[in-house]
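# Reading the structure
Now for the letters of each chain:
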Amino acid sequence: MSEAAVKTRHPKGLWVLFGTEMWERFNFYGMRAILTLFLVNSLMMKEEDASLIYGGFLGLCYLTPMLGGFVADRFFGNRNCILLGGLMMAIGQFLLFASASVFGTNISLATTLMWSALGIIIFGNGFFKPNISSMVGSLYPKQEKSKLDTAFTIFYMGINLGAFLGQLICPIVGDVKDDAGIRDIHAFKWGFLAASIAMLIGTAVFYVLKNKYVVTPDGKPLGGLPSKNDASDFEEGESQKAVFSQKALIIAGIMFLTLGAIIHFVFDQNLIYTLIYSSGLTLAGLIVSDTSLTKIERDRIFVIYIVAFFIIFFWAAFEQAGSSLTFIADNQTDRNFFGWNMPPSMVQIFNGLFVVAFAIPFSMLWDYLRSKDREPISPMKQAFGLALIALSYFIIAHNVKDLGNSGLLAIKWLILLYLIQTAAELCLSPIGLSLVGKLSPKRFSSLLYGVFFLSNASGYALAGTLGSIMPATGDKFIKAKELGIDLQGILDKTVTPTAEQLKLLATNQISDHNPVFAGFEIHNLFEFFMVFVILTGLAAIILFALTPFLKKMMHGIR
Ligand code: GLN
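Residues numbered from 1 in each chain as written. Predicted model: local features only at pLDDT ≥ 70, side-chain atom pairs only at ≥ 80, totals over all residues. Heavy atoms only, no water.

### Focus: the site of the ligand
Around the ligand, the neighbouring residues are Arg 25, Tyr 29, Tyr 62, Lys 129, Tyr 156, Ile 159, Trp 315, Glu 425, Asn 456 and Tyr 460. Contact distances for the ligand include 2.8 Å between an oxygen atom and a side-chain N or O atom of Tyr 29. Tyr 460 is positioned with one of its side-chain polar atoms (N or O) 2.6 Å from a nitrogen atom of the ligand. Burial of the ligand by the surrounding chains reaches 93%, relative to a free accessible area of 300 Å². Counting only elements with at least two residues in the shell around the ligand, the list comes to helix 2 (12-41), helix 6 (148-174) and helix 15 (445-467). Of the residues assigned to the shell around the ligand, the class counts are 6 nonpolar, 1 polar and 3 charged. (Near = heavy atom within 4 Å. Polar contact = N/O pair within 3.5 Å; in protein donor to acceptor, adjacent residues only side chain to side chain. Areas by Shrake-Rupley, 256 points an atom, 1.4 Å probe, with all protein chains shown as cover. Helix = DSSP H or I, 4+ residues; strand = E, 2+ residues; numbered from the N terminus. Nonpolar A, V, L, I, M, F, W, Y, C, P; charged D, E, K, R; others polar.)

Here you go:
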C-alpha cells in the first residue's frame, strides 16, 4: 500500500463504531419521529403537553451521559456501557411497543408503560452515547490525532445515516393514514418495534465485532474494564482526572440547590427542567472554581461557556423538528411529494439526508478556506449557524403568514427549512464538539464535554417550553367547526364560550386560549415562528459581536 493510503486510512474499528452508532441513531430518531404523534393521537395528550414531555425527555437524554461517562471511567469501561446502554434502549423501545399495543383497552397501563420506557431509554442513552463518541477518539494514537476531524465527520455521517433510515422506516410502518387522511392510531407500535429491532442489531454488531476491530494499532482491546486497561500507554501522559476538594464539592452542592430553588420557584420551571438547568450551571461553576487553573486555561474555559450558552438557543430552535414542526406537518401542510402523500413524521428525514449529503462538502469548504488562510474562527462559524437557523424560521414565518386557519403550507417550505437548518447544524454542531476538545485542559476535558452536553440538554428543555407555545393549527379549527364552535371567535375573545363548549374543547384536546410567551400572546403561526427568528437572530448578532474578544481569550486556538 502506498504511503499516502496509509496516512489517510482509518482503523477498521471506526467502521464498527460507525455501524453501531448508525443502528442506535436509527432507534433514537425513528422513535423521535413518531413519539409526539403517538402521545397526542393514542395516549390522548394535548400537543402542548406532548411538546413539554418531548423537551424534558430529550433534555434528560443529554443529562445522563455525565453518569454514563463516569460509570465507564470508574467501573464498567466503555465497552460494557455501550452494550448495557444498547440493551436498555432496545428494552425501552419494546416497552413503547407494548404501550402502543395496549392503549386501546387499558390507557392507564399504556401510560405507565410509556413513562417506564422513556425512563429506561434516558438511562440507556446516557450509558451509550458518551462512550461510543469517546471510543472514536481513542482509536487513534497520539501521532494520528490529526485524523480526528475527518474521523468525526465520518462518524457524524453514520449518526445521520442512521437518523435517515429510522425516520424512513419508523414512519412508513408506524405513521399510517388511509386515503381519506384518517390515521391508524394502532400502527405506532410497529414503528417502536422497528426501533427496538434496530437497537438490537446495533448492540449485536458491536458485541460480535468489538474484540477483533475495536483495538489499538498493536491489537490491544480498547474500552475494557478500567482496572484491566493496559492501553493506558496509548493515551497522552498528562493527568486525566480532575480532583475537587471536599469544600468545593460542598459549595457546589449548595449552589445546585439554591439555583434549583430559584429556577423552580422564580422562573416557574418544572422539576426536570430545573434539574437540567441547575446541573449545567453548577458543574460550570465547579470547574472554574478550581485553583489549579492558569489564566490562559480559565480564559479558554470561559470561551467554552460563552459558546455553550449561545448554543442553547440553537438546539431550542432546531429541536422543534420532533414536536411543533411535526404537528404542523401533520395538521397544516400539503405533504404531496411528487404525487406521494408523505407521512407527517417523515418530513424530518430531510435533516439526516442533507447531513449525509453535505457533511463532506462542508469539511472540504473549511479545508479550502484554511488553505487560503481565511477560515473563520470556530465561534464565528457558530454565529453563522445561529444566523442561518434564524433565516430558516424567517422564511417559514413569511410562508405561513397568509394561511389563516385553514390554508395549507406547501411541503417544499419545510424541506427548505430543513436544508438551511442542516447547513446551520454543520456550522455549529461538529465544530462545537471539536472546539471543546481543543480548548479544554486535558484534566477537565470530559467534565467540560459534560457542560457542553448539558447546554444541549438545556436547549432541548427550552425547545419543550417553546414548542408548547404553538398556537392552534388548522385541524383544531376544523374539529371545532364540526362541534359547532367558533374557535377563532373564542381565541379572539369576541365570542364567549358556554361551559358545555369549554368541556367539548377540552375533551378534544383543544385549548380555549392563545398561548403566552414572556408576556406576549401568540396569536398565530407567524408570531410563533417569529419567536425563533428573534431568539436565534439576537443570539447570532451578539455572538458575532463577541468574536473579537473570544478570539483573544482563545489564546491562539482557532
Ligand atoms: N444529531 C447529533 C446526534 O444525534 C447531534 C445532537 C447534539 O449534539 N445535540 O448525535
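Here the narrative resumes.
### Concerning the pattern of salt bridges
For the structure shown, the criterion picks out 15 salt bridges. Lys 476 is the partner of Asp 475 in a salt bridge, and the nearest nitrogen-oxygen pair spans 2.8 Å. You can call Lys 476 buried: its relative accessible area is 9%. One network of salt bridges, with partners in common, ties together Glu 21, Glu 24, Arg 25 and Lys 129. (Salt bridge = Lys/Arg side-chain N within 4 Å of Asp/Glu carboxyl O. Buried < 20%, exposed > 50% of the residue type's maximum accessible area, 1.4 Å probe, protein only.)

### Description of the side chain of Asn 351
Of note, Asn 351 is situated in helix 12 (residues 349-371). If we skip the residues at most four places from it in the chain, Asn 351 touches Asn 160, Phe 318, Tyr 418, Thr 422 and Glu 425. (Contact = heavy atoms within 4.5 Å.)

### Considering the packing of helix 2 against helix 6
Where helix 2 contacts helix 6, the axes come no closer than 6 Å and their chain directions differ by 40°. Relative to helix 6, helix 2 is oriented oblique. The two elements helix 2 and helix 6 cross, and the hand of that crossing is right-handed. Looking at the contact of helix 2 with helix 6 residue by residue, the class counts come to 20 nonpolar, 5 polar and 3 charged. (Axes fitted to C-alpha atoms, helices over the stretch in contact; angles between N-to-C directions. Parallel < 35°, antiparallel > 145°, perpendicular 65-115°, else oblique. Left-handed = near helix turned anticlockwise from the far one by under 90°.)

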